[in-house]
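Summary of the model geometry
Residue strings, one per chain:
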Amino acid sequence: MKSFSFFNRAEIKTRLATQHYDIIVIGGGITGAGIALDAASRGLKVALIEKNDFASGTSSKSTKLIHGGLRYLKQFHVKMVSDVGRERKIVHELAPHLVLPEKMLLPIMKGDSMGRISISIGLKLYDMLAGVKGDDRRKMLNRKKTLETEPLLPEDRLTGGGLYAEYRTDDARLTLEIIKTAYKNGADILNYVEAEDFIYENNLVSGVECFDHLNKESFAIHGKFVVNAGGPWVDDLRELNHSKKGKHLHLTKGVHLVVDREKLPVNQSLYFEIEDGRMIFIIPRDKSTYIGTTDTDFEGNKDNIPVTRADAKYLITAVNDILPSIQLSIEDVKSSWAGLRPLISEEGKTASEISRKDEIFISESGLISMAGGKLTGYRKMADNVVNMIGKKMIDKSVPGCKTKKLPLQGNSFSGPREVSSFIQSVEKKLNELDIPRHYAAYLVHNYGDQTTVILKDIENQRGNDPEVKLILAELHFSVENEMVCTVLDFVERRTGRLYFHIETIQKYRKEILEYFREKFSWSDKKVEEEKNKLNKTIENSQNFN
Ligand code: FAD
């Protein structure tokens, strides 16, 4: 099989246009990616198309946690918390380099809506539902211990805390590794291809009319079942299918801000209640700390979701209130992102009250739409859809789900211990190459064992600056193996540099653009366009109206 590269797009497209598929998936977020992997690994013939880049929708804009959703316990969504909570460990085992254990500190303050006893019971129940064992089980801390754990908390208002286990990840990379694993299992997958209409046979959906945004060509894909995994766009596709009846999506916007770790030097992740009763995360990551999230109704342009000054102020006020010695200002924000929760509308409920449960809708013409849910539950959601399709498939018997034991690309590790020793060996190698050692954890958490390929390639890159050589080797790897087609694919979704190492993009912008010019034979005009897009994205992530 040829590598998953822009330079093999034509071949993949020819297959998409000429073969007949068991399942066509629309949408390359985590939901679509999970379905493609589940179905391909069961031996089904799968096509997946994504109108933009993989994970460019909600799946790169989340809080980046693999979590059961502690707050949903308050709403008595016990089954959902239990199902999703149990998935955490499985997803960690599928990619131990990318899904990392992360302890959360829940400080208890005077005046909070929940006191020590309710929090203690809540966290215990959370652990029980998710099957958390041993040292990972929640620990209730007294005031002194809570302060030792996080000295920035205000002594006068603090009464204690609860420490419990979650996992953190990079949502876009998780989505991408699932996509790559699906491709390796035989799925035909392309980004920048939009489903524009449905094809019908005897009034049943039998394919998709598509448009390739990169070379402006239309083509059709034919298959037995079409799954709409369009996230916030699910209802647009249902409308195209004339089936947007009954339940529909309710979109809410969630914003995150990133500041330098020095400005917000928390020891570890915090999850705390704010004045309006909502819960906010503060999560340290590499040399940055991020804060999120807001939850407000959204009805604007889904392709351009702004972070407003009000959003930024809301989060900054929350931080300054819980950690009064910090006093962040809007000028401290070095990056940000905003995403849409594709929730299923519930009469009379506010944004924060609507359930995060996933649901499947099947239209009269057979379009299968999947909405709601969480990043964390992607594997189970996929299992459910593919089981359902398996039962409807008359010409094939479909085996059971295989993804529970199917490591994602980048994972050949026996477990977290081997990941740690691999990071140490990468540190040594970086040291020999004069590259700062802190890149070791970044590389391994992003690429897992694929880091070896990148390290080997560093010496082949141009220039004298070792950090430029590293970024170019990463870029080369992503272009050759991860279907990078644009500068933003690389800086935003393959590396997360736009959010967590934005200064490196500003510093190495010229070299990155030069690589694209040469490798993709871009004209001056195209280079200028991509440069402007990059500059605009950086500007929007730092300035708010
Ligand atoms: P998306 O990621 O939006 O994917 C849908 C894709 O379909 C898009 O890429 C879009 O371009 C594509 N598409 C649409 N129309 C077409 C078309 N016509 N043709 C081709 N492609 C099309 N979950 C967690 O588990 N942990 C968290 O910490 C967490 N935090 C969150 C924080 C926020 C602020 C938000 C908004 C959500 C959070 N979630 C979290 C939920 C989680 O992010 C989402 O449930 C999940 O990412 C949804 O994935 P999706 O694939 O359904 O949608």
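Above this text sits the structure in question.
Per-chain numbering applies: the sequence of each chain, read as written, is numbered from 1 onward. Per-residue local features are limited, in this predicted model, to residues with pLDDT of at least 70; the limit for side-chain atom pairs, both in listing and counting, is 80 or more; totals at the level of whole chains, interfaces and linings are taken over all residues. Side-chain measures were taken over the full set of non-hydrogen atoms in the model, leaving aside hydrogen atoms and water.

A look at the overall build of the protein chain
Inclusion rule: Runs of H or I in DSSP of at least four residues are treated as helices and runs of E of at least two as strands, each being numbered from the N terminus. What the globule rule says is 2.2 Å times the number of residues to the power 0.38, and the radius of gyration is computed from C-alpha atoms. Using a 1.4 Å probe on the protein chains alone, a residue whose accessible area is under 20% of its type maximum counts as buried, one over 50% counts as exposed, and one in between counts as partly exposed. Between two residues, a contact is recorded if the distance between any of their heavy atoms is within 4.5 Å. Note on areas: Shrake-Rupley with a 1.4 Å probe; residue coverage comes only from the protein chains shown. Within this scheme the basic residues Lys and Arg register as positive and the acidic residues Asp and Glu register as negative, but His and the chain ends are omitted. Charge placement uses NZ in Lys and CZ in Arg. For Asp and Glu, CG and CD serve respectively.
The number of helices and strands found in the protein chain is 18 helices and 18 strands. Relative to the compact-globule value of 24 Å for 545 residues, the protein chain shows a C-alpha radius of gyration of 23 Å, a close match. Along the first, second and third principal axes, the C-alpha set of the protein chain runs to 70 × 60 × 50 Å. Within the protein chain, the proportion of its 545 residues that are buried is 60%. Sequence separation of 24 or more characterises 72% of the internal contacts of the protein chain that already satisfy a separation of 6 or more. When the accessible surface of the protein chain is totalled, it reaches about 22600 Å², and 50% of it is carbon and sulfur. Across the protein chain, the mean location of the 80 positive side-chain charges is 4 Å away from that of the 77 negative side-chain charges.

Some words on the packing of aromatic side chains
Worth spelling out the cut-off: When two rings of Phe, Tyr or Trp (its six-membered ring) have centres within 6.5 Å they constitute a pair, described as stacked for plane angles under 30 degrees, edge-to-face for angles over 60, and tilted for the intermediate range. By the criterion adopted, a ring carries a charge over it if an Arg CZ or a Lys NZ lies within 6 Å of its centre and within 35 degrees of its normal.
Applying the stated rule across the entire model yields 19 aromatic pairs. Aromatic pair Phe4 and Tyr183: ring centres 4.7 Å apart, planes at 40°, arrangement tilted. Note that Phe4 is positioned in the segment before α1 (9-18) and Tyr183 in helix α7 (residues 171-184), a separation of 179 residues in sequence. With a centroid separation of 5.4 Å and 50° between ring planes, the pair formed by Tyr290 and Trp337 is classed as tilted. Taken together, the positions of Tyr290 in strand β14 (residues 288-292) and Trp337 in strand β16 (residues 333-344) put the pair 47 residues apart, joining distant regions of the chain. Among the aromatic residues, ring-to-ring pairing joins Phe6, Phe7, Tyr515, Phe516, Phe520 and Trp522 into one connected group. Here the guanidinium or amino end of Lys64 rests over the ring plane of Trp337, the centre of that ring lying 4.5 Å away. Here the basic side chain of Lys526 rests over the ring of Trp522, its NZ or CZ set 5.1 Å away from the ring centre.

Re the site of the ligand
To keep things clear, this is the line we draw: Being near a molecule or strand, for a residue, means having at least one of its heavy atoms within 4 Å of it. Nitrogen and oxygen atoms within 3.5 Å of one another constitute a polar contact, given that in protein one can donate a hydrogen and the other can accept it, and given that sequence-neighbouring residues count only through two side-chain atoms. Think of it as three bins: nonpolar holds Ala, Val, Leu, Ile, Met, Phe, Trp, Tyr, Cys and Pro, charged holds Asp, Glu, Lys and Arg, and polar takes everything else, Gly as well.
Near the ligand you find 38 residues, and of these Thr31, Glu50, Ser59, Leu65 and Thr376 are the closest. Between the ligand and the protein, one listed contact pairs an oxygen atom with a backbone N or O atom of Thr58 at 2.9 Å. Within the side chain of Lys374, a nitrogen or oxygen atom sits 3.5 Å from a nitrogen atom of the ligand. Protein chains bury 97% of the 1000 Å² of accessible surface belonging to the ligand in isolation. When its residues are assigned to classes, the shell around the ligand shows 12 nonpolar, 19 polar and 7 charged.

Here we look at the pattern of salt bridges
In plain terms, the rule: Salt bridges are defined by distance alone: a side-chain nitrogen of Lys or Arg within 4 Å of a carboxyl oxygen of Asp or Glu.
Applying the stated rule across the entire model yields 49 salt bridges. One salt bridge in this structure joins Arg517 and Asp524, with 2.5 Å as the shortest N-O distance. Put simply, Asp53, Asp489, Glu492, Arg493 and Arg494 are held in one network by salt bridges that share partners.

Things to note about the nonpolar core
Most often, soluble globular proteins have nonpolar side chains that are buried together. Here is the rule: Think of a nonpolar core as a cluster: buried Ala, Val, Leu, Ile, Met, Phe, Trp, Tyr and Cys residues, connected wherever their side-chain atoms sit within 4.5 Å.
Of all hydrophobic cores here, the largest spans 65 residues; its most connected members are Leu16, Ile35, Leu174, Ile189, Val208 and Ile221. When residues of this core are assigned to their parent elements, the largest contribution, 7 residues, is made by helix α2 (residues 30-41). When residues no more than four places from it in sequence are discounted, the contact partners of Leu16 are Tyr21, Ala47, Ile49, Asp188, Leu190, Phe219, Ala220 and Ile221. Within the second largest apolar cluster, 47 residues are counted, among which are Leu65, Val81, Ile512 and Leu513.

Describing the side chain of Asp311
Residue placement: Asp311 occurs in helix α9 (residues 309-322). A relative accessible area of 7% means that Asp311 is categorised as buried. Excluding residues within four positions of it along the chain, Asp311 makes contact with Lys253, Val255, Thr294 and Pro306.

Quick notes on helix α10 (residues 378-392)
Which entries qualify depends on this criterion: Any helix carries an expected span of 1.5 Å times its number of residues minus one.
Compared with an ideal rise of 1.5 Å per residue, which puts 15 residues at 21 Å, α10 spans 22 Å between its outermost C-alpha atoms and is within 8% of the ideal. Those residues of α10 not exposed but buried are Tyr378, Arg379, Met381, Ala382, Asp383, Val385, Val386, Ile389 and Gly390.

Re the state of the cysteines
Between two cysteines, a covalent bond joining their sulfur atoms is known as a disulfide. Where we set the bar: Defined by distance alone, a disulfide is two cysteine sulfur atoms within 2.5 Å.
Applying the stated criterion across every chain yields a total of 0 disulfides. Summary of cysteine pairing: Cys210 is not part of a disulfide, and the nearest cysteine sulfur, belonging to Cys485, is at 16 Å. On the basis of relative accessibility, which here comes to 2%, the residue Cys210 falls in the buried class.

Digging into unusual backbone geometry
The omega angle of the peptide bond from Gly292 to Thr293 is 15°, so this bond is cis rather than trans. With respect to the helices, strands and loops of the structure, Thr293 is situated in the loop between β14 and β15 (296-297). With a phi close to 65°, Ala55 is a non-glycine residue in the positive phi region. When its relative accessible area of 1% is taken as the criterion, Ala55 is described as buried. Phi at Lys216 is positive, roughly 55°, even though this residue is not glycine. In this structure, Lys216 sits in the loop between β9 (204-212) and β10 (217-228).

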